[in-house]
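# Inside the fold
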Amino acid sequence: MGSRSKFEDMSRNVKKMMSFTFIKGLFLNPAKLSITAFIILIAELILNILIVERVPYTEIDWKAYMQECEGFLNGTLDYSQLRGDTGPLVYPAGFVYIYSMFYFLTNQGQNIKLAQYIFIGIYLLQLHFVFKIYKKTRKVPPYVLLITILTSYRIHSIHVLRLFNDPIAVLFLYIALNYFLESKWHLGSIFYSLGVSIKMNIILYAPALFFFYLVNLGLKDTIKQIFLCGLIQLVLGLPFLIVAPISYLRGSFDLGRVFNHTWTVNYRFLDVKVFENTYFHLTLLAIHILLLVIFLPMFVQYFKSYCRLRYVQKQVQPQIDAKNVENKRKAKMMKDKLKVQEVNEEKLTKDQEEFLNSFESMLQKTSNTNVKKKKVVDENEKLHYSINFEIISQLFILPMFLTNFIGVVCARSLHYQFYSWYFHSLPYLLWSTNLSVIVRFLILALIEFCWNTYPSTDATSAMLHVCHLIILYSIYKKTSAELSVASKVE
């Protein structure tokens, strides 16, 4: 009897999974992202292996990275003396340690194929943490991620054909965001600081993170988290700071660095003199600060709401769990009673069974007794209380993604590898607007086109700015309206 019941349950589950409603949910329902994410990861594994095996590797910075690390491994601790074919070392100490490890693993950087496979692993790991965020927020339909992730030529190129350090820094950032969502503050701060130690662009998240600390932890614990981030930078950079502190700080955290106009994606339409002009850089910095100030009230309001709802979760969740345990116990008792009844029924004589069957069929004509009995069991099984508290992650993720996006919008120059800074957040940002689905996909396609055009043109640079500004304005418009309504309700 038990084996037949299990077979029936299995058959029912298979039929459910093969139904049109279930399959449609895999593409349209953000709550079903777990299954779709697994499919995407498998597809990405296959796709990236095919890329590595069939598409020629392009040398840009890998050789220079290896030369810079070779100098360090040979004992040079003065940052001004660490150089490669593309110029001096301009990344913090975390970069040096990680790429020194790659130096040993890849036979002094000669085994490019192995390095590419390492980066496949890095990319899949990054996707895993990205999907964890999207699963918690339930903001974006799975089909959007399926389309955007699998079709991006530039992102695959950055990860497995160029071997830049940007994806590694971003990986640590996404790990940190996941820890923050789990309220594991110290681990979040550690991984955030490790991301900064690989490439300085992760600092773009700092303004929102600072207020997130402040609202959730208060001033005293905020100072502790900042101290922890700073301590990690100090420990990692200590060998270089002891020998030549000025060289290290200038080399790894050079805020005044002048970018090469040859590689710019976003300012091709500017004359080289204007592009390199200090006043132009200061103007962009002023715009960056102004945009952060404009969005600051929204950030603080979102963080306050996040903090309150997390407090509610802590109060309510234990009660929900206790109630579910009780319901589960009652359902088990009901099942046990029915099993006893079934055993007793099996012990009846043939004449008794025939009489009961005829009597049961007669009852079913006037009432649905047997069906009701089954419904009682089903209802006890399905009576499960739950509140999806994870969806409040939206109140943290949008400000974080938006702060980084503002930094990208106001960047003095965007090089092709910088696309990885914000690519995986673009669907989230666009689905945080009131734009139509067609317009959202159009913007995603145009942005991808701009990043795939090499060399960039005046038109693609201008188009990239237009797309960025549309996203920024659309988010501002929607969030302003929502906060206005919320203030009236309060």
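Note that the structure is a prediction, hence the values are computed from the model and not measured.

Conventions and cut-offs
Residues numbered from 1 in each chain as written. Predicted model: local features only at pLDDT ≥ 70, side-chain atom pairs only at ≥ 80, totals over all residues. Heavy atoms only, no water. pLDDT = per-residue confidence, 0-100. Contact = heavy atoms within 4.5 Å. Helix = DSSP H or I, 4+ residues; strand = E, 2+ residues; numbered from the N terminus. Expected span 1.5 Å × (residues − 1). Buried < 20%, exposed > 50% of the residue type's maximum accessible area, 1.4 Å probe, protein only. Phe/Tyr/Trp six-rings, centres within 6.5 Å; stacked < 30°, edge-to-face > 60°. Axes fitted to C-alpha atoms, helices over the stretch in contact; angles between N-to-C directions. Parallel < 35°, antiparallel > 145°, perpendicular 65-115°, else oblique. Nonpolar A, V, L, I, M, F, W, Y, C, P; charged D, E, K, R; others polar. Left-handed = near helix turned anticlockwise from the far one by under 90°. Salt bridge = Lys/Arg side-chain N within 4 Å of Asp/Glu carboxyl O. Core = buried A, V, L, I, M, F, W, Y, C linked by side-chain atoms within 4.5 Å. Patch = residues over 30% accessible without salt bridge, like charges linked within 9 Å, V, L, I, M, F, W, Y side chains within 5 Å. Areas by Shrake-Rupley, 256 points an atom, 1.4 Å probe, with all protein chains shown as cover.

### Thoughts on the confidence of the model for the protein chain
For the protein chain, per-residue confidence averages 87 on the pLDDT scale, and 82% of positions sit at 70 or higher. When the criterion is pLDDT under 50, residues 366–381 qualifies, and its contacts beyond four places in sequence or with other chains add up to 13 contacts.

### Description of the environment of V243
If you trace the backbone, V243 turns up in helix 11 (residues 206–243). Residues V243 and L77, spaced 166 residues apart in sequence, show a C-alpha to C-alpha distance of 6.4 Å.

### Re helix 4 (residues 62–73)
With twelve residues, helix 4 ought to run about 16 Å at 1.5 Å a step, and its terminal C-alpha atoms sit 16 Å apart, in line with that. Buried within helix 4 we find W62, A64, Y65, M66, E68, C69, G71 and F72. The inward-facing, buried residues of helix 4 abut strand 1 (83–84), strand 2 (87–88), helix 5 (93–105), helix 6 (112–137) and helix 11. After helix 4 finishes, the residue G75 shows a positive phi value of roughly 110°.

### Digging into the packing of aromatic side chains
In total, this model carries 48 aromatic pairs according to the counting rule given. With 6.5 Å between their ring centres and 40° between their planes, F303 and F396 make a pair best called tilted. Highlighted residues: F303 in helix 14 (residues 278–346) and F396 in helix 17 (residues 394–409), separated in sequence by 93 residues. For the pair shown, F303 and F396 are each scored as buried.

### Remarks on unusual backbone geometry
Cis geometry is found at the peptide bond from Y454 to P455, where omega equals -10°. Note that P455 resides in the loop between helix 19 (437–452) and helix 20 (458–489). In the Ramachandran plot, S183 falls in the positive-phi region, its phi being about 60° despite a non-glycine side chain. Position of S183 among the secondary structure elements: in the loop between helix 9 (166–181) and helix 10 (185–198). The class of S183 is partly exposed, set by a relative accessible area of 36%.

### Considerations on the packing of helix 5 against helix 11
The N-to-C vectors of helix 5 and helix 11 enclose an angle of 95°; their axes lie 8 Å apart at closest approach. With respect to helix 11, the element helix 5 is oriented roughly perpendicular. Listed contacts from helix 11 to A93, V96 and Y97 of helix 5 are L236, G237, P239 and F240. A per-class count over the contact of helix 5 with helix 11 returns six nonpolar, one polar and no charged.

### A word on the packing of helix 3 (residues 33–54) against helix 6
One way to put it is that helix 3 packs onto helix 6 with a least axis distance of 10 Å and a crossing angle of 160°. Classified by the interaxial angle, the pair formed by helix 3 and helix 6 is roughly antiparallel. With respect to the hand of their crossing, helix 3 and helix 6 are arranged in right-handed fashion. Two secondary-structure elements touch here, helix 3 through L33, S34, A37, I40, L41, E44, L45, N48, I49, V52 and E53 and helix 6 through K113, Q116, Y117, I120, Y123, L124, L127, H128, F131, Y134 and K135.

### Comments concerning the environment of M463
For M463, the position within the fold is in helix 20. Judged by relative accessible area, which is 26%, M463 ranks as partly exposed. Spatially, the C-alpha atom of M463 lies 7.9 Å from that of I447, the residues being 16 residues apart in sequence. Excluding residues that lie within four positions of it along the chain, M463 makes contacts with L446, F449 and C450.

### Comments concerning the pattern of salt bridges
Counted by the stated rule, this structure contains nine salt bridges. Two residues, K136 and E182, come together in a salt bridge whose shortest N-O distance is 3.6 Å. Taken together, the positions of K136 in helix 6 and E182 in the loop between helix 9 and helix 10 put the pair 46 residues apart, joining distant regions of the chain. Looking at K136, the relative accessible area reads 12%, which means it is buried. Judged by relative accessible area, which is 31%, E182 ranks as partly exposed. Notably, a salt bridge pairs K478 with E482, separated by 4.0 Å at the nearest N-O pair. Of this pair, K478 and E482 both sit in helix 20, four residues apart, roughly one helical turn. A relative accessible area of 15% places K478 in the buried class. Residue classification places E482 among the partly exposed positions, given a relative accessible area of 36%.

### Examining the side chain of N165
Of note, N165 is situated in the loop between helix 8 (153–162) and helix 9. Exposure remark for N165: the relative accessible area of 0% places this residue in the buried category. Those residues in contact with N165 that lie beyond four places of it in its chain are Y65, Y91, F95, Y99, I198 and K199.

### What about the nonpolar core?
Of all hydrophobic cores here, the largest spans 122 residues; its most connected members are Y99, F396, L402, I447 and W451. Considering every element that reaches this core, the biggest residue donor is helix 9, with twelve residues. Ignoring any residue separated from it by four or fewer positions in sequence, one finds Y99 in contact with W62, Y65, M66, C69, F119, L163, F164, N165 and I168. Formed by six residues, the second largest nonpolar core is a distinct cluster that contains V52, I120, V160 and L161.

### Side note on helix 10
The first and last C-alpha atoms of helix 10 sit 20 Å apart over 14 residues, in line with the 20 Å expected at 1.5 Å per residue. For helix 10, a buried count of ten out of 14 residues is recorded, marking the element as mostly surrounded by other parts of the structure. Taken residue by residue, helix 10 has W185, G188, S189, F191, Y192, S193, G195, V196, S197 and I198 as its buried positions.

### Some remarks on a nonpolar patch on the surface
Together, I35, F38, I39, I42, L45, I46, I49, L50 and Y117 line one region of the surface with nonpolar side chains, adding up to about 750 Å² of accessible area. Residue contributions to the nonpolar patch peak at eight residues, all from helix 3. Along the chain, I46 turns up in helix 3.

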